[in-house]
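What the coordinates show
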Amino acid sequence: MDAKRGDWVRIHNIVLEVGERATNIPEDTQNVPLEMWVKGFLINDSANIGDNVKVETYIGRTVEGKLLEVNPYYKHDFGKCVPELLYIGRQARELLAKDGE
């Protein structure tokens, strides 16, 4: 068992398959399914990664999908430090101060 009732989880679901999407959207968009990823509290008593489950979102909606992750968190960052950018704010203030003289 990967998750139990009440755990914060992330699920995935295909909302519309290819061919079910609107015809007035770009062709490259029409050629892929419309997918959703949702976080919520597990409603099922227990579940394993890959199981179809129900969750209650933070605002109270009930959504179904495939269980992907328990206790999801943000894994992105803003990249590596760019030394040239460290002093832009100071340089801008100096330039603006000179214009105000």
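Residues numbered from 1 in each chain as written. Predicted model: local features only at pLDDT ≥ 70, side-chain atom pairs only at ≥ 80, totals over all residues. Heavy atoms only, no water.

Looking at an unreviewed UniProt entry, the chain carries the name 2-amino-4-ketopentanoate thiolase alpha subunit, with the source organism given as Tissierella praeacuta DSM 18095.

Section: the sheet that holds strand β5 (residues 52–56)
Rules: Should DSSP find at least two bridges between two strands, the strands are regarded as paired. A run of H or I in DSSP counts as a helix once it spans at least four residues, and a run of E counts as a strand once it spans at least two, with each numbered from the N terminus. In this analysis an axis means a line fitted to C-alpha atoms, helices contributing only their contacting stretch, and an angle means the value between N-to-C directions, from 0 to 180 degrees.
Spatially, β2-β3-β5-β6 is the arrangement adopted by the four strands of the closed barrel, whose pairing is antiparallel. Taken pair by pair, the neighbouring strands of this sheet meet at an average axis angle of 55°, ignoring direction. Two elements, β5 and strand β6 (residues 62–70), share five bridges in a ladder whose sense is antiparallel. Within β6, the residue paired with E56 across the bridge is T62.

With respect to the environment of K39
Mapped onto the elements of the fold, K39 is located in strand β3 (residues 34–42). Measuring from C-alpha to C-alpha, the distance between K39 and V63 comes to 9.3 Å, with 24 residues separating the pair along the chain.

Structural notes on the side chain of D7
Defined as follows: Counting of polar contacts relies on pairs of N or O atoms within 3.5 Å, with two restrictions inside protein: one atom must be capable of donating a hydrogen and the other of accepting it, and residues adjacent in sequence are counted only when both atoms are side-chain atoms. Any two residues whose heavy atoms approach within 4.5 Å are treated as being in contact.
On the secondary structure map, D7 appears in the loop between β1 (3–4) and β2 (8–16). Within polar-contact distance, the side chain of D7 engages the backbone nitrogen of K4 at 2.9 Å. If we ignore the near neighbours within four places in the chain, the residues touching D7 are D2, G40, F41, L42 and V70.

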